[in-house]
Amino acid sequence: MSAQQEDESLPPLPRSPSAILSDVQLRIVTGGKPAANGIALRHNPTSNDVSNQINGTLGGATEVENTIHSSPSCDDYRKNMATIISEYFSTGDVLLATSELVDLGVEEQHHYFVKKLVSMSMDRRDKEKEMASVLLSSLYNDTLTPSHIKLGFMNLLESVEDLSVDIPNAVDLLAIFIARAVVDDILPPVFLARARGSLSGNSKGMEALQVAEKSYLSVPHHAEVVAGKWGGSTHTGVEEVKKKISDLLSELTEGGDVAEACRCVRELGLPFYHHEVVKRALTIAVEKPQTEALVLNFLEKSVQDCLISTSQIAKGFSRISENLDDLTLDVPSAKTTFEHLLQKAITAGWIESLNPNSISSDESSKEEKITLKRYKEECVKIIKEYFLSDDVPELIRSLEELRAPLFNPIFLKRLITIAMDRKDREKEMASALLSSLSMELFSSEDVVKGFVMLLRSVEDTALDILDAPKQLALFLARAVVDEVLVPLNLDEISKKLRPNSVGSETAHMARVLLSARHAGERILRCWGGGTGWQVEDAKDKVAKLLEEYAAGGELREACRCIRDIARPFFNHEVVKKALVMAMEKKIDSLMLDLLEECFDQGLITINQMSKGFSRVREALEDLSLDVPNAAEKYGEYLEYALKHNWVLPAIVDAAT
């Protein structure tokens, strides 16, 4: 998991290294004690992650360095620091290095330790580079604060020009160290953007940031790639890791100590490989049904403690599903047991309940997997075509042709994720499309599930899109403003997120945006107006054409205007307004004639007609205040519509 994103609503920070220090406090999801056996441990969040944050009044790198030089113990500190680092490279003893650094007792200079550790390792073998990354991860949030780490890397960026004189590939090496720090959760991804504002455009420091972002943090499977960049000299090999996982799970099933099993998983220090833990734990539960409750307790504890991410849980389940046929040869009840475990995971909220029956070994299951894979591929094509053409009806037709409404939340997630990495024009188009889809194809449940999926994965998204939390908060707030969601849906969404997670705070950010003065107007303009169609504009056009029709009775002209609006997915608004106007102005026959003509010409579909009638039914209580016989009139209109087959019979069942 990534470090929590910082509040992007803060005013721009000064162009100096001190800007990095004045960032708001970050919380991370890893945690614990000093490292054991030379392997970096993850640290759990506490309410006092940064006990002594650097004073925000510091003027920058120069003032910091002057402060260091003015300290009488500075020379001794630096000599001792170099000695500690050299000894660590010789012994690999993380505990000893931690103890000696603490004994120095000059905490305000620890950012220099970060700089010295990285710069000394650059001129050595890959083994020492890996050891440096491991030590930083071990010291983080225990001996080194987030501010120490950030200022240390900022100093490295400013001095990389000098380092390049002796180390020709210093820029690339520093880029790898920065990427590794992000992957290890000791630097927030937003550091790159903040640091960029403090460096000149043509400096080697800027070049290092660009290399880190484009060559390492943006590549597929970047966590594994970056973590193995130094050859894994101090990391255990894959087979050894698998053995450790098997051992800890064996101890779990024998002793039943869930807390100890979680501690062992944390000590592995390999969050991107936790899917192997999940896979092996599930395999044990399938092979030994008596351990099912214990395995589920272990997985639940791991998720609650933010030890194993939901994406790793899902990946573990997916890997088991791919091997169910082989597993069934040894355990005939494997499918049944696994489906039971899957349902438990869905109920607990560890993975999305998109298709609880899709994982089995029969032919329909295989077809379902193929369908999901093809659906995702088709989604990307459809979304990219939409961004080029701005043709909403064509996109809706394409989605209908896929015949996979079960995967609507996946489409929503893909749409917004792709839009977040594009210009404001595409973001506006995505919001407009979401409004259209909610009227025509997507249920409110689909939209809620899609946003839950986005919020649960926002930390991973932020590795590639630095301001993903801010953008996602805007998309969520915009969905409420566009009436795609209602405010109560935000509570429903928040209940499905882990407390204090980045996703939970992003949802809170959306609430804050919605509570501001003139929130609706501001949020509607959040993407700069874009090119997407606006709901209010379409409503105004519908109202005007109906007013003109009521005044002149030109049936053909009214139909032409409806056709010119070119929003067939929004024609339920025509139906609603026509029925309301018929009640208020007592022009029943005129409006029913219009609806009949629109239906006969195929301008308004039976679905749109039914939706329009449903919206009027839902508003009857308010309508009755102005039109006392509104309910009676609605009953007459509905009877007429049913007689002429304009609406679906289900609308009568819904009314009763």
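Structure's up top.
The structure presented is a predicted model; accordingly, all values stated were derived computationally and were not measured. Counting restarts for each chain: residues are numbered from 1 in the order of the written sequence. In keeping with the model being predicted, local features are shown solely for residues with a pLDDT of at least 70 and side-chain atom pairs are shown and tallied solely at 80 or more, while totals for entire chains, interfaces and linings include all residues. Only hydrogens and water are set aside when side-chain values are computed; all heavy atoms of the structure are taken into account.

Thoughts on the packing of aromatic side chains
Turning to step 1, where the next piece is worked out: Two aromatic rings, drawn from Phe, Tyr or Trp (for Trp, its six-membered ring), form a pair once their centres lie within 6.5 Å of each other, and the interplanar angle then sorts them: stacked below 30 degrees, edge-to-face above 60, tilted otherwise. Counted by the stated rule, this structure contains seven aromatic pairs.
Turning to step 2, where the next piece is worked out: Here the aromatic rings of Tyr386 and Phe387 are separated by 5.8 Å at their centres, their planes lie at 40°, and the arrangement is tilted.
Turning to step 3, where the next piece is worked out: Its relative accessible area of 1% is what places Tyr386 among the buried residues.
Turning to step 4, where the next piece is worked out: On the basis of relative accessible area, Phe387 is assigned to the buried category, the value being 2%.
Turning to step 5, where the next piece is worked out: Measuring from ring centre to ring centre gives 6.2 Å for Phe411 and Phe442, while their planes differ by 85°; the resulting arrangement is edge-to-face. Between buried and exposed lies partly exposed: a residue is buried under 20% and exposed over 50% of the maximum accessible area for its type, with that area taken using a 1.4 Å probe on protein chains only.

A short note on the nonpolar core
Turning to step 1, where the next piece is worked out: Only buried Ala, Val, Leu, Ile, Met, Phe, Trp, Tyr and Cys residues count toward a nonpolar core, and they belong to the same one when joined by side-chain atoms within 4.5 Å. In terms of nonpolar packing, the biggest core is built from 64 residues, with Phe153 and Leu157 touching the most fellow members.
Turning to step 2, where the next piece is worked out: The element best represented in this core is helix α8 (residues 170–183), accounting for 12 residues.
Turning to step 3, where the next piece is worked out: By the convention used here, residues are in contact when the closest approach between their heavy atoms is within 4.5 Å. Filtering out sequence-adjacent residues up to four positions away, Phe153 remains in contact with Val114, Val118, Leu136, Leu174, Phe177, Ile178, Ala181, Leu187 and Phe191.
Turning to step 4, where the next piece is worked out: In this structure, Phe407, Phe442, Val448 and Phe475 belong to the second largest nonpolar core, which totals 57 residues. Each helix is a run of H or I in the DSSP string that is no shorter than four residues. Each strand is a run of E no shorter than two, and both are numbered from the N terminus.

With respect to a negative patch on the surface
Turning to step 1, where the next piece is worked out: Like charges within 9 Å and nonpolar side chains (Val, Leu, Ile, Met, Phe, Trp, Tyr) within 5 Å are joined into patches, using only residues over 30% in relative accessible area that form no salt bridge. In short, Shrake-Rupley with a 1.4 Å probe defines the accessible areas, and a residue's cover is counted only from the protein chains shown. Salt bridges are defined as contacts in which a side-chain nitrogen from Lys or Arg sits within 4 Å of a carboxyl oxygen from Asp or Glu. Charge assignment in this entry is limited to Lys and Arg as positive and Asp and Glu as negative, and neither His nor the chain termini are counted. To locate a charge, take NZ of a lysine, CZ of an arginine, CG of an aspartate or CD of a glutamate. A grouping of Asp123, Glu161, Asp162 and Asp166 is seen on the molecular surface, where their side chains present a negatively charged patch.
Turning to step 2, where the next piece is worked out: Considering the arrangement of structural elements, one finds Glu161 in helix α7 (residues 146–166).
Turning to step 3, where the next piece is worked out: Glu161 gets classed as partly exposed once you look at its relative accessible area, which sits at 38%.

Brief notes about the packing of helix α16 (residues 310–322) against helix α18 (residues 334–348)
Turning to step 1, where the next piece is worked out: A fitted line through C-alpha atoms represents every axis, and for helices the fit uses only the stretch in contact; the resulting angles, taken between N-to-C directions, go from 0 to 180 degrees. One way to put it is that α16 packs onto α18 with a least axis distance of 12 Å and a crossing angle of 160°. Considering their axes alone, α16 and α18 lie roughly antiparallel with respect to each other. For the pair α16 and α18, the sense of crossing is left-handed. Counted together, Phe317, Ile320 and Ser321 of α16 and Phe338, Leu341, Leu342 and Ala345 of α18 form the full contact between these two elements.
Turning to step 2, where the next piece is worked out: Class assignment of the residues belonging to the contact of α16 with α18 gives a composition of six nonpolar, one polar and no charged. Orientation categories follow fixed angle ranges, with anything under 35 degrees roughly parallel, anything over 145 roughly antiparallel, 65 to 115 roughly perpendicular, and all other angles oblique. Handedness of a crossing is defined here by the sense of rotation of the near helix relative to the far one, left-handed for an anticlockwise turn of less than a right angle and right-handed for a clockwise turn. Residues are grouped as follows: Ala, Val, Leu, Ile, Met, Phe, Trp, Tyr, Cys and Pro are nonpolar; Asp, Glu, Lys and Arg are charged; every other residue, Gly included, is polar.

Some points on the pattern of salt bridges
Turning to step 1, where the next piece is worked out: Under the counting rule described, the total for this entry stands at 23 salt bridges.
Turning to step 2, where the next piece is worked out: A salt bridge links Lys381 to Glu378; the shortest N-O distance between them is 3.8 Å. You can see Lys381 and its partner Glu378 sitting in helix α19 (residues 363–389), three residues apart, about one turn around the helix.
Turning to step 3, where the next piece is worked out: A relative accessible area of 47% means that Lys381 is categorised as partly exposed.

Topic: the packing of helix α31 (residues 572–585) against helix α32 (residues 588–601)
Turning to step 1, where the next piece is worked out: Running from amino to carboxyl end, α31 crosses α32 at an angle of 165°, the nearest separation of the two axes being 8 Å. One finds that α31 runs roughly antiparallel with respect to α32. Every pair of crossing elements has a handedness; the one defined by α31 and α32 is left-handed. Along its contact with α31, which presents Val575, Ala578, Leu579, Met581 and Ala582, the element α32 presents Asp588, Met591 and Leu595.
Turning to step 2, where the next piece is worked out: The class makeup of the residues in the contact of α31 with α32 is seven nonpolar, no polar and one charged.

Topic: unusual backbone geometry
If a residue is not glycine, its phi is most likely negative; likewise, a peptide bond is most likely trans.
Turning to step 1, where the next piece is worked out: Despite not being glycine, Arg403 has its phi angle at roughly 50°, a positive value.
Turning to step 2, where the next piece is worked out: Secondary-structure assignment places Arg403 in the loop between α20 (392–402) and α21 (408–420).
Turning to step 3, where the next piece is worked out: Phi angles above zero are rare outside glycine, and Lys586 is one such case at about 55°.
Turning to step 4, where the next piece is worked out: Topologically, Lys586 is positioned in the loop between α31 and α32.
Turning to step 5, where the next piece is worked out: Overall, the relative accessible area of 73% leaves Lys586 in the exposed class.

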